[in-house]
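Here is how the chains run, residue by residue.
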Amino acid sequence: MQTAKKAWRGVGFVCAAALAVSLVPLFLIGWYAHPCADDFSYGFPTALAWSSSGSFLEVLESALQNTGRVYQNWQGSFAAVFLMSLQPAIFGERMYFWGVVFLLSTYLAGFLFFLKVFLRNYAGVDRTSYCVVSSLVLLVAVQYRYSPVEGFYWFNGGIYYTFFHASALVLLGLCLLLLKESRKPLSVIYFLLSCAFAFLIGGGNYTTALTVTLLLFFCMAWLFLRKEKKAVWIGVILLFLLIPFFISIFSPGNTIRQESVGAPSPIRAILLSFVYGAYSIFNATTVPALVLWFFL
């Protein structure tokens, strides 16, 4: 039995080491990333604020002003626009590398946290099994990402999708901890953190916000059917997501943007979302991903 445990710990070490080694070149090539496309349009006002004042407070004020302008004229997702206005190259082009570090790190942290809660706190697996599963899942998720350039090496696109996806994983992990926690002080901490992440996600990209809204709604409904008191807690967290989500949806900028692409058709949009969803699943279901699932 002891020999088997030692062998299994060895497997865990090898998996964690393989993940760590695979990440080294991804961080190193971040030095070659450079701002492009929307990085310039969203970062231009804040770059001017930094070059003229050298004050980070002035940069934050400029980011808020830029968020307000974009909200009125082009895009409602205010939390995402604020963060995109702070792309690192506004402080100097060589600083753009730190955007890659930030995106990769938050992606890893979101996955590791959610899988820890799901596997350790709920499934009750041992530490080594968690290490094996999380390392292999992340190895495939990072190395076979559908669009690594836009997900990790382009700050604008990475913030809009990678960062908010990672934030959603953290939020879901916090909600799971909240449901399982019996101690009041920790429950309050998980609840407050969940509300903060929910508000952030509500002001982010619409795909993530809608997906998390549905997950929280069905979780709340399930808890109500079971007459669990924490259904109210999840309901409040859902409210903290819905308020910024609707603020984002009903921005004047979204109307202007819609007019530039043609008349809206909600039914067609819903149908196309299923088609594109299936297309995306097909593209993401690579041979390595299938091998991983069979292994797990």
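Note that the coordinates shown come from a computational prediction; the quantities given were computed from them, not determined experimentally.

Criteria and cut-off values
Residues numbered from 1 in each chain as written. Predicted model: local features only at pLDDT ≥ 70, side-chain atom pairs only at ≥ 80, totals over all residues. Heavy atoms only, no water. Helix = DSSP H or I, 4+ residues; strand = E, 2+ residues; numbered from the N terminus. Rg over C-alpha atoms; globule rule 2.2 N^0.38 Å. Buried < 20%, exposed > 50% of the residue type's maximum accessible area, 1.4 Å probe, protein only. Contact = heavy atoms within 4.5 Å. Polar contact = N/O pair within 3.5 Å; in protein donor to acceptor, adjacent residues only side chain to side chain. Axes fitted to C-alpha atoms, helices over the stretch in contact; angles between N-to-C directions. Parallel < 35°, antiparallel > 145°, perpendicular 65-115°, else oblique. Nonpolar A, V, L, I, M, F, W, Y, C, P; charged D, E, K, R; others polar. Core = buried A, V, L, I, M, F, W, Y, C linked by side-chain atoms within 4.5 Å. Phe/Tyr/Trp six-rings, centres within 6.5 Å; stacked < 30°, edge-to-face > 60°. Expected span 1.5 Å × (residues − 1). Salt bridge = Lys/Arg side-chain N within 4 Å of Asp/Glu carboxyl O.

Participant: An account of the overall build of the chain is requested, with residue identities and associated values reported.
Facilitator: For the chain, the helix and strand inventory stands at 14 helices and zero strands. Relative to its length of 296 residues, the chain is compact, with a C-alpha radius of gyration of 21 Å against a globular reference of 19 Å. With respect to the principal axes defined by its C-alpha atoms, the chain has extents near 65 × 50 × 40 Å. Looking at the chain as a whole, 42% of its 296 residues are labelled buried. Within the chain, counting contacts between residues at least 6 apart in sequence, those at least 24 apart form 77% of the total.

Participant: Break down the environment of Trp-222 for me, citing the residues and quoting the values.
Facilitator: Examined against the element boundaries, Trp-222 turns out to sit in helix 10 (residues 206-225). Residue Trp-222 is classed as partly exposed on the basis of its relative accessible area of 48%.

Participant: So what about the side chain of Ser-129? Which residues, and what values?
Facilitator: Here Ser-129 lies in helix 6 (residues 127-143). When its relative accessible area of 16% is taken as the criterion, Ser-129 is described as buried. Within the structure, the side chain of Ser-129 is placed 2.8 Å from the side chain of Asp-126, a separation counted as a polar contact.

Participant: Explain the packing of helix 1 (residues 2-28) against helix 5 (residues 97-122) to me, and be specific about the residues and the numbers.
Facilitator: Orientation of helix 1 relative to helix 5, taken along the N-to-C sense of each, is 150 degrees, at an axis distance of 9 Å. The angle between helix 1 and helix 5 falls in the class roughly antiparallel. Together, Leu-23, Leu-26 and Phe-27 of helix 1 and Phe-97, Val-100, Val-101, Leu-104, Ser-105 and Leu-108 of helix 5 make up the contact between the two elements. A breakdown of the residues in the contact of helix 1 with helix 5 according to their chemical character gives eight nonpolar, one polar and no charged.

Participant: Can you lay out the nonpolar core for me, pointing to particular residues and giving the numbers?
Facilitator: Core analysis: the largest hydrophobic core is formed by 43 residues, its most contacted members being Met-84, Phe-111, Leu-115, Val-142, Phe-152 and Ile-159. For this core, the secondary structure elements donating two or more residues are helix 1, helix 4 (78-84), helix 5, helix 6, helix 7 (148-153), helix 8 (155-180) and helix 14 (287-295). For this core, the leading source of residues is helix 5, giving nine residues. Non-local contacts of Phe-152, meaning those with residues more than four positions away in its chain, are made with Val-100, Leu-103, Leu-104, Tyr-107, Val-142, Arg-145 and Thr-162. Judged by nonpolar contacts, the second largest core, of 24 residues, contains Ala-198, Ile-234, Ile-237 and Leu-241.

Participant: Please give an account of the packing of aromatic side chains that cites residues and values.
Facilitator: Counting across every chain of the model gives 17 aromatic pairs. Ring geometry for Phe-56 against Phe-91: centres 6.2 Å apart, planes inclined by 35 degrees, an arrangement best described as tilted. Of this pair, Phe-56 sits in helix 3 (residues 56-73) while Phe-91 sits in the loop between helix 4 and helix 5, placing them 35 residues apart in sequence. Judged by centre distance (6.2 Å) and plane angle (35 degrees), the rings of Tyr-206 and Phe-245 are tilted. Taken as a pair, Tyr-206 in helix 10 and Phe-245 in helix 11 (residues 230-249) lie far apart in primary sequence, 39 residues in all. Taking relative accessible area as the criterion, Tyr-206 reaches 27% and is therefore assigned partly exposed. Exposure remark for Phe-245: the relative accessible area of 8% places this residue in the buried category.

Participant: Report on helix 1, specifying residues and quantitative values.
Facilitator: Because an α-helix packs 3.6 residues into every turn, residues spaced three or four apart end up facing the same way. An ideal rise of 1.5 Å per residue puts 39 Å on 27 residues; helix 1 measures up with 39 Å between its terminal C-alpha atoms. Among all positions in helix 1, only Gly-12, Cys-15, Leu-19, Ser-22, Leu-23 and Leu-26 are buried. In this structure, the buried residues of helix 1 make contact with helix 5, helix 6 and helix 7.

Participant: Go over unusual backbone geometry with me, naming the residues and quoting the values.
Facilitator: Unusually for a residue other than glycine, Ala-37 sits at a positive phi of about 50 degrees. With respect to the helices and strands, Ala-37 occurs in the loop between helix 1 and helix 2 (38-53).

Participant: Give a detailed account of the side chain of Ser-251, specifying residues and quantitative values.
Facilitator: Assignment of secondary structure puts Ser-251 in the loop between helix 11 and helix 12 (252-261). A polar side-chain atom of Ser-251 sits 3.4 Å from the main-chain amide nitrogen of Gly-76. Excluding residues within four positions of it along the chain, Ser-251 makes contact with Tyr-71, Gln-75 and Gly-76.

Participant: Describe the pattern of salt bridges, and please don't skip the residues or the numbers.
Facilitator: A full pass over the atoms with the stated rule returns two salt bridges. For the salt bridge of Arg-183 with Glu-181, the shortest nitrogen-to-oxygen distance reads 2.7 Å. When the shortest N-O distance is used, the salt bridge between Glu-228 and Arg-226 registers 3.5 Å. Judged by relative accessible area, Glu-228 falls into the partly exposed class, the value being 34%.

Participant: Which residues make up the packing of helix 3 against helix 12, and what are the values?
Facilitator: Between helix 3 and helix 12, whose axes approach to 4 Å, the crossing angle comes to 50 degrees. Classified by the angle their axes make, helix 3 and helix 12 are oblique. Contacts from Val-70, Tyr-71, Gln-72 and Asn-73 of helix 3 reach helix 12 at Pro-252, Gly-253 and Ile-256. Among the residues making up the contact of helix 3 with helix 12, the classes are represented as four nonpolar, three polar and no charged.

Geometric descriptors of this kind do not, in isolation, establish any biological role.
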